[in-house]
Amino acid sequence: MIRIGEKNSFIVVRKSDLGYMLSNKDELLLLHFNQTNGQELEIDSMIECFVQYDSKGRISATLEEPTVTMSMPGWAKVVEVNARLGIFVSIGTFKDILISKDSLPMNAKLWPEVGEMLYVKLTHNKGRLNALLMTKNEIVELNPNVPNITVGSKLNAVVVRTTPNAVNAITLEDKTYIYISNKQFRGTYRLGQEVEVMIIGRHDDELVGSLNKVKEELVVDDEKIILDYL
């Protein structure tokens, strides 16, 4: 059985006018020439292809390397923001994946911008692959060990959740979860926004951080706001 949204093993059966016919011993699937990454494949050779739906809803194979699969969450780049539908992200393959607006904040100002990265998982429903933002529990389950980070250290992270009471982010490299209360930042932050977080503590399953500047910098900012107003 072909597994949609996963890499599958196939035998190259024959070459046709459109591409290569692949077999997993139960089903045949076409690997179009424009999905071979320019590779010339040998008949009877074994290859691994990622399988997803094309723009017409047909099952299609590619030798492009996905950044996310059904069994492996990962980073996806925002390529389009559609106010009616949601956000389209690229997982490195020929067809972009939708994150439905139903899964995003009601305030569109908190949606990510084109070019920013989101940490997502794939879902497969009714002949369609979609993406969902990872929850805290899912991220922590993948990386349960909270590193020993010195208080005062600064880490690069990406915002993965935003509420009136807090902003949550994960580090770019090891995807460690960071909790930032609303007392530790000013203004608003959107999903996918890169931030520099100063670590101020830790809980059992997350680091605790701050997006506030040091007091001296905050004083300068406040003075500028007052002078601009006057």
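Below: a short report on this structure. (Residues numbered from 1 in each chain as written. Predicted model: local features only at pLDDT ≥ 70, side-chain atom pairs only at ≥ 80, totals over all residues. Heavy atoms only, no water.)

Side note on the side chain of D54
Okay, so step 1: Structurally, D54 is set in the loop between β4 (46–53) and β5 (59–62).
Okay, so step 2: Overall, the relative accessible area of 13% leaves D54 in the buried class.
Okay, so step 3: Side-chain polar atoms of D54 contact the backbone nitrogen of K56, separated by 2.9 Å.
Okay, so step 4: For D54, the side chain forms a polar contact with the side chain of R58, separated by 2.8 Å.
Okay, so step 5: Setting aside anything within four residues of it in sequence, one finds D54 in contact with S60, F94 and K95. (Helix = DSSP H or I, 4+ residues; strand = E, 2+ residues; numbered from the N terminus. Buried < 20%, exposed > 50% of the residue type's maximum accessible area, 1.4 Å probe, protein only. Polar contact = N/O pair within 3.5 Å; in protein donor to acceptor, adjacent residues only side chain to side chain. Contact = heavy atoms within 4.5 Å.)

A closer look at the pattern of salt bridges
When the charged atoms of two side chains with opposite charge come close together, those side chains can pair.
Okay, so step 1: Counted according to the given criterion, the structure contains 9 salt bridges.
Okay, so step 2: A salt bridge links E48 to K7; its shortest N-O distance comes to 3.9 Å. Here K7 lies in strand β1 (residues 7–15) and E48 lies in strand β4, a separation of 41 residues in the sequence.
Okay, so step 3: Residue E48 is classed as partly exposed on the basis of its relative accessible area of 47%.
Okay, so step 4: The exposure class of K7 is partly exposed, given its relative accessible area of 27%.
Okay, so step 5: Residues D54 and R58 are paired through a salt bridge, measuring 2.8 Å at the closest nitrogen-oxygen approach.
Okay, so step 6: A single network of salt bridges, built from pairs that share partners, joins K7, E48 and E65. (Salt bridge = Lys/Arg side-chain N within 4 Å of Asp/Glu carboxyl O.)

A word on unusual backbone geometry
As a rule of thumb, non-glycine residues mostly have phi less than zero, and peptide bonds are mostly trans rather than cis.
Okay, so step 1: Notably, K25 is not glycine yet its phi reads approximately 80°, a positive angle.
Okay, so step 2: Tracing the backbone shows K25 in the loop between β2 (19–23) and β3 (28–32).
Okay, so step 3: The exposure class assigned to K25 is exposed, which follows from its relative accessible area of 73%.
Okay, so step 4: With a phi close to 55°, K126 is a non-glycine residue in the positive phi region.
Okay, so step 5: By the element assignment, K126 lies in the loop between β9 (117–124) and β10 (129–133).
Okay, so step 6: Looking at K126, the relative accessible area reads 80%, which means it is exposed.

Focus on the sheet that holds β2
Consider a sheet: its strands pair through backbone hydrogen bonds, and that pairing is either parallel or antiparallel.
Okay, so step 1: The antiparallel open sheet is built from 5 strands, whose spatial order is β3-β2-β1-β4-β5. Sheet topology places β3 and β5 at the edges, where each strand pairs with a single neighbour. The mean inter-strand angle of the sheet, taken between neighbouring strand axes irrespective of direction, is 50°.
Okay, so step 2: Sheet topology places β1 next to β2; 4 bridges connect them, and they run antiparallel. Paired with K15 across the bridge in β2 is Y20. (Pairing = 2+ DSSP bridges. Axes fitted to C-alpha atoms, helices over the stretch in contact; angles between N-to-C directions.)

Considerations on the packing of aromatic side chains
Okay, so step 1: If you walk through the whole model with that rule in mind, you get 3 aromatic pairs.
Okay, so step 2: For the pair Y20 and F33, a centre-to-centre distance of 5.6 Å together with 80° between the ring planes defines the contact as edge-to-face. Of this pair, Y20 sits in strand β2 while F33 sits in the loop between β3 and β4, and the two are 13 residues apart along the sequence.
Okay, so step 3: For Y20, a relative accessible area of 1% gives the class buried.
Okay, so step 4: Where F185 meets Y189, the ring centres are 5.8 Å apart and the plane angle is 85°; that geometry is what we call edge-to-face.
Okay, so step 5: Note on F185: relative accessible area 12%, which makes it buried. (Phe/Tyr/Trp six-rings, centres within 6.5 Å; stacked < 30°, edge-to-face > 60°.)

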